[in-house]
Structures are given as structure tokens and as C-alpha cells.
Amino acid sequence: MGMPSGACALMDLSRYFDHAATTPVAPEVIDAMAPYWRDVPGNAHSIHQFGRQARDAVEEARYRIAQCIGAESPYQIVFTSGATESNNWVLRANVNMAVSPIEHSSLRVPARGSLLKMQGWEVEVWDDFEIAVMAVNNETGGMPTLQGTPYKLHVDATQAIGKVPWSVGDAAWASFSAHKIGGPKGVGALYIREGVIDPMILGGGQEGTLRAGTLNVPGIVGFGRAMERAIERQEAAHAHASRLRQVVLERLAYVPDMRVNDAPRQSPHILSLSFLGVQGETLVIELDEAGYAVSSGAACSSEIDELESPVLRALGVPPEWNRGTVRISFGETNTEASAAGLARALAAAVENVRGLGQKS
Ligand code: PMP
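Report follows, based on the coordinates. (Residues numbered from 1 in each chain as written. Predicted model: local features only at pLDDT ≥ 70, side-chain atom pairs only at ≥ 80, totals over all residues. Heavy atoms only, no water.)

## Observations concerning the side chain of S106
For step 1, the next point in the chain: Along the chain, S106 falls in helix α4 (residues 105–108).
For step 2, the next point in the chain: Under the relative-accessibility criterion, S106 is labelled buried at 6%.
For step 3, the next point in the chain: Polar side-chain contacts of S106 include one of 3.0 Å to the side chain of N87.
For step 4, the next point in the chain: Of note is the side chain of S106, whose polar atom sits 2.7 Å from the side chain of H104.
For step 5, the next point in the chain: Filtering out sequence-adjacent residues up to four positions away, S106 remains in contact with A83, T84, N87, N88 and L91. (Helix = DSSP H or I, 4+ residues; strand = E, 2+ residues; numbered from the N terminus. Buried < 20%, exposed > 50% of the residue type's maximum accessible area, 1.4 Å probe, protein only. Polar contact = N/O pair within 3.5 Å; in protein donor to acceptor, adjacent residues only side chain to side chain. Contact = heavy atoms within 4.5 Å.)

Okay, structure coming up:
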């Protein structure tokens with residue numbers, strides 16, 4: 001096997017329908033970040049002017065992010081490496097936290113507490129417990145509702161920002177990730193409403209001694225710009241995704257044995273479809289060959305050998321449908337023409353795979 005060359009061919013981003021896995025970095029975000037690689041080399045914790053310049057940029061990003069999510073103070077925002085870390089941190093600090101069965105793997109896998117019960121998209125809240133219920137589910141785009149008032153609530157808002165109106169409200173903690181909203185990978189934040197939380201990483205005094213390590217200044221600057229941009233564009237993004245989802249659904253209406261895994265409250269940017277008699281993964285590969293990127297579930301679980309999504313199982317999707325699920329997730333780079341093309345390719349792939357199944 002040769003060394004990776006590092007070269008990358010230019011891809012047609014209009015055919016990229018996996019925005020829930022990650023998004024391209026927006027040009028304005030790249031422009032905002034570039035000076036912090038090129039011209040501002042300082043460590044945000046150095047006291048000289050180079051350091052102060054970097055620190056000012058970090059604090060400005062913190063302020064903007066706090067405003068965008070409706071936090072009372074920028075000091076409620078702690079920068080992390082992404083939503084996985086933020087979710088892990090909240091769980092580590094609240095070992096008995098009960099989590100909903102449809103949480104992202106970064107909450108479900110490390111959770112030691114119980115799983116909350118769901119009826120459809122309603123989550124039964126336990127009064128005296130810390131609980132975690134996400135704002136928008138990353139596999140289907142569905143938005144769970146709470147039955148009852150939690151004692152303390154953690155909200156994974158990773159898939160909500162820039163997609164649906166959202167603010168921290170009564171949440172005690174909330175997780176965010178830059179790369180889902182046109183920002184860079186490897187940067188995120190945890191919102192901490194108040195009180196004491198054990199540090200995530202010990203060492204230097206960064207982030208109020210809660211998370212040691214030299215700050216990723218360009219990444220944080222990019223996250224701030226991406227957050228602002230996502231909020232500015234949220235309504236337009238919602239309308240765009242709604243149109244694209246309609247284009248796909250209209251063109252697939254004739255396909256037999258297809259199920260749309262929508263919720264009563266739904267973010268339009270994710271469309272989860274299940275097809276009887278096929279495997280989701282096979283459709284993903286067929287679509288890849290046709291030049292389209294979709295996924296068969298959460299990108300983070302694609303290496304775990306499991307044909308059925310535990311999230312869809314918890315939502316009551318029967319096993320034979322669960323196995324045949326694809327997740328289409330829309331974003332800025334998609335067009336109505338590319339959505340129509342995707343639908344055509346998907347219908348052909350389903351027909352092809354079902355035909356092969358009958359022959360064997
Ligand atoms: N939570 C949700 C709902 C997500 O969709 C993701 C990304 N797949 C994460 C958490 C993890 O985010 P990150 O990639 O920043 O660790």
C-alpha cells in the first residue's frame with residue numbers, strides 16, 4: 001500500500017448529502033480563521049501583545065457564541081474539541097444521568113445511568129434526576145418532546161443550531177460542535193448554566209481551569225464566525241432544506257415499500273428513509289458509485305458492526321425496515337437539480353438491489 005499522496009480531487013459538492021455527518025467550511029469562516037494561522041501566532045494565555053491579540057479573538061468568539069445561543073454570560077461557554085467531548089464531560093460530572101435512548105453515541109455509550117422511556121417521540125422525564133435529551137436527533141432529524149419537567153437537563157444541540165430555532169432556555173448544560181454548521185472540525189463547546197463541574201482536562205489554567213491545554217485559536221475564531229453565520233441564515237436554511245426534501249419525496253413517491261421516518265416535530269435538514277428488502281449500507285455504496293454521498297445512519301457508528309440502528313429501534317422502527325435505512329442530510333451546497341438527481345439514483349439503486357435479491 002502506497003503512502004497517501006495528500007492530493008485531493010475536486011468533488012461536486014452539490015452531490016454531497018451528508019451534512020449531518022459534517023459540513024464544508026464556509027468561505028467566510030476560512031477568511032475569518034486565516035489571519036489566526038498566518039499573522040497572529042500568539043498563545044492566548046501569554047501576557048505579551050501577541051498573546052493578548054489571540055486572547056481577544058477567543059473572547060470575542062465566546063461572546064458571540066453566548067449571544068447566539070441565548071446564554072446570559074460568555075463565561076457560561078467552555079471551548080472543547082467538539083460535542084463528543086462536551087457530552088462525555090457532562091456524563092462524567094453527572095454519573096447517574098439518565099439519557100434518552102435516541103442520544104448520539106457520545107452520550108449513549110458512556111452512560112452509566114438508566115435509559116429514559118419513550119413513547120413515540122415523547123420522553124418520560126424523571127423528576128429528581130439529571131437527564132439528557134437531545135434537541136434534534138442526528139439520524140432522523142426528529143425533535144423529541146419532554147413529558148414533565150426535569151430536575152436538570154442536558155441538551156445536545158449539535159444538530160439544532162442553524163437548522164431550527166433553538167436557545168438554551170432552562171437547560172443546565174448544552175453541547176455544540178463547529179463542524180456541523182460550516183465551521184472547522186475538532187472545535188466545540190459546552191454551555192454550563194451555573195455551579196461547579198469537575199474539570200475535563202487537568203493541567204494549565206485555561207478555560208477557568210476547567211479544561212487545560214493551549215487554546216485552538218483559529219478553530220475557536222472559526223467556530224464563532226460559523227455560529228453567527230448559522231443563526232443569520234437559519235430561516236433560509238430551513239426553507240432550502242424543506243424544498244429539497246420535498247423534491248426527493250415527490251420523486252420517490254412511487255417506490256413501493258418505502259417508509260419515511262419523520263417525527264411530529266421535524267427538522268427538515270435530515271430525511272431518514274427505510275426500504276424493505278435492502279440493506280442501507282448497500283444503497284450507500286450504490287449511491288457513492290453514482291457520485292452521491294449519503295449515509296446509512298450516524299457516521300460515528302459506521303465502524304461498529306451493527307446492521308440495525310439502536311436509535312431507530314428505540315423509535316419503534318421494525319428490524320426489517322431498520323436494516324434498509326438511509327439518511328439524506330441537506331445543506332447549502334445542494335440544489336433542487338442535485339436533489340432530483342439523488343432521488344433518481346436512489347430509486348434506481350433500490351430497484352437494482354431488490355432485483356438482485358430476487359434473482360439469488
Ligand atoms: N451529537 C450529535 C447529535 C451529533 O450529530 C454529533 C456528530 N455526529 C456529535 C454529538 C459529535 O460531535 P463531534 O463530531 O463534534 O464530536
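From this point, the narrative continues.
## Comments concerning the pairing of strand β8 (residues 173–177)
For step 1, the next point in the chain: Counting buried positions over the 5 residues of β8 gives 5, a clear majority of the element.
For step 2, the next point in the chain: Alternating residues of β8 divide into W173, S175 and S177 and A174 and F176, and every residue in both groups is buried.
For step 3, the next point in the chain: Here strand β7 (residues 152–156) runs beside β8; their pairing, made up of 3 bridges, is parallel. Residue pairing across strands places V155 opposite A174, the latter belonging to β8.
For step 4, the next point in the chain: Two elements, β8 and strand β9 (residues 188–192), share 5 bridges in a ladder whose sense is antiparallel. Across the sheet, S175 pairs through a bridge with L190, a residue of β9. (Pairing = 2+ DSSP bridges.)

## Focus: helix α6 (residues 234–252)
Side chains that are three or four residues apart share a direction in an α-helix, a result of its 3.6 residues per turn.
For step 1, the next point in the chain: Helix length check: α6 (19 residues) gives 27 Å between terminal C-alpha atoms against 27 Å at 1.5 Å per residue, within 8%.
For step 2, the next point in the chain: Within α6, the full set of buried residues consists of Q234, H240, A241, L244, R245, V247, V248 and L252. Buried residues of α6, seen end-on, are gathered within an arc of 155 degrees and therefore sit on one face of the element. Residues of α6 that are exposed and angled more than 90 degrees away from the buried face: E235, A236 and E250. (Expected span 1.5 Å × (residues − 1). Arc of directions from axis to C-beta.)

## Some remarks on the environment of W89
For step 1, the next point in the chain: On the secondary structure map, W89 appears in helix α3 (residues 83–93).
For step 2, the next point in the chain: You can call W89 buried: its relative accessible area is 1%.
For step 3, the next point in the chain: Expressed as a C-alpha distance, the spacing of W89 and L107, which sit 18 residues apart in the sequence, is 9.6 Å.
For step 4, the next point in the chain: Discounting chain neighbours no more than four positions away, the residues touching W89 are V78, T80, L190, I192, I197, D198, P199, M200 and L210.

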